[in-house]
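Overview (structure and organization)
Each chain, letter by letter, is given below.
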Amino acid sequence: MPTILRTHLTALRMLLVMTVILGIAYPLLVTGISQVAFADKANGSIVTSDGKEVGSSLLGQNFDLPKQNPDDADEEAKPDPKWFQPRFSAGSYDPKASGASNLGPNDEKLTKAVQDRRAAIAAFDGVDPATVPADAVTASGSGLDPHISVAYAKEQVQRVATARGIPADTLNKLIEKYTEGPSLGFLGQQGVNVVLLNKAVGETK
């Protein structure tokens, strides 16, 4: 057999072997391990309520009132007072538009946006603008973070309690339940998962 043919056959066999190992065996192994050890996260950490999928605990989402005209793309969505509100998202929590606004700290547009958000949130929650936490008026780097600070969650308690007729103490206990510690125990700060918190709020009678 000519040398060039032997070389090509060897390369073909190596291609087939590596395809089986890396293209079939390895993905199946990793998938199997993830399904056994981390099934919830591997499947998207889906949150269900009354048997229906309502989101993912890994992705934030808006909790707005229904639009008066759903077909009007220019109609501004209004936050629903019955729900704890997430932090601002530059991509409106669209996974396909993950990212920040790219506005710098000295940008006049960002400064004005923060001031406007602070005033709007203070009016919505019935608090002093000076007490509105920083995460309430700024977006996360990904625009998809489902967490807010404990301070922002507690700021919203009285509004949600009034809108739903639920005791504030009950809501504070739910905030404590869904407060997560820093990543790996030391990275970042405590945060409250709004998606899980609102699921619990919706199921509270």
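Use the structure listed above.
Below is a short write-up of the structure.

Scoring rules and cut-offs
- Residues numbered from 1 in each chain as written.
- Predicted model: local features only at pLDDT ≥ 70, side-chain atom pairs only at ≥ 80, totals over all residues.
- Heavy atoms only, no water.
- Core = buried A, V, L, I, M, F, W, Y, C linked by side-chain atoms within 4.5 Å.
- Buried < 20%, exposed > 50% of the residue type's maximum accessible area, 1.4 Å probe, protein only.
- Helix = DSSP H or I, 4+ residues; strand = E, 2+ residues; numbered from the N terminus.
- Contact = heavy atoms within 4.5 Å.
- Pairing = 2+ DSSP bridges.
- Salt bridge = Lys/Arg side-chain N within 4 Å of Asp/Glu carboxyl O.
- Axes fitted to C-alpha atoms, helices over the stretch in contact; angles between N-to-C directions.
- Left-handed = near helix turned anticlockwise from the far one by under 90°.
- Nonpolar A, V, L, I, M, F, W, Y, C, P; charged D, E, K, R; others polar.

1. Observations concerning the nonpolar core
Core analysis: the largest hydrophobic core is formed by 25 residues, its most contacted members being Phe84, Leu171, Leu174, Ile175, Leu197 and Val201. Counting only elements with at least two residues in this core, the list comes to α3 (108–125), α4 (134–137), α5 (150–155), α6 (157–164), α7 (168–177) and α8 (194–202). If we ignore the near neighbours within four places in the chain, the residues touching Phe84 are Phe63, Ala153, Gln156, Val157, Val160, Leu171, Ile175, Val194, Leu197, Asn198 and Val201.

2. Things to note about the sheet that holds strand β5 (residues 191–193)
Read from one edge to the other, the open sheet built from three strands follows the order β3-β5-β4, with strand pairing classed as antiparallel. Every interior strand has two partners, whereas the edge strands, β3 (147–148) and β4 (179–180), have only one. In this sheet, β5 lies alongside β3 in antiparallel orientation, the contact comprising two bridges. For His147, the partnering residue across the bridge sits in β5 and is Asn193.

3. Remarks on the pattern of salt bridges
Tallied over the entire structure, the rule returns five salt bridges. Of the charged contacts in the structure, one is a salt bridge between Asp80 and Lys82, with a shortest N-O distance of 3.2 Å. Assessed through its relative accessible area of 6%, Asp80 is described here as buried. Taking the relative accessible area as the measure of exposure, Lys82 reaches 33% and is therefore partly exposed. Ionic pairing is found between Lys199 and Glu203, a salt bridge with its closest N-O pair at 3.0 Å. For Glu203, a relative accessible area of 41% translates into the label partly exposed.

4. Here we look at the packing of α7 against α8
Orientation of α7 relative to α8, taken along the N-to-C sense of each, is 145 degrees, at an axis distance of 10 Å. Like other packed secondary-structure pairs, α7 and α8 cross with a definite hand, here right-handed. Judged by residue contacts, Leu171, Leu174 and Ile175 of α7 engage Leu197, Ala200 and Val201 from α8. Considering only residue class, the contact of α7 with α8 consists of six nonpolar, no polar and no charged.

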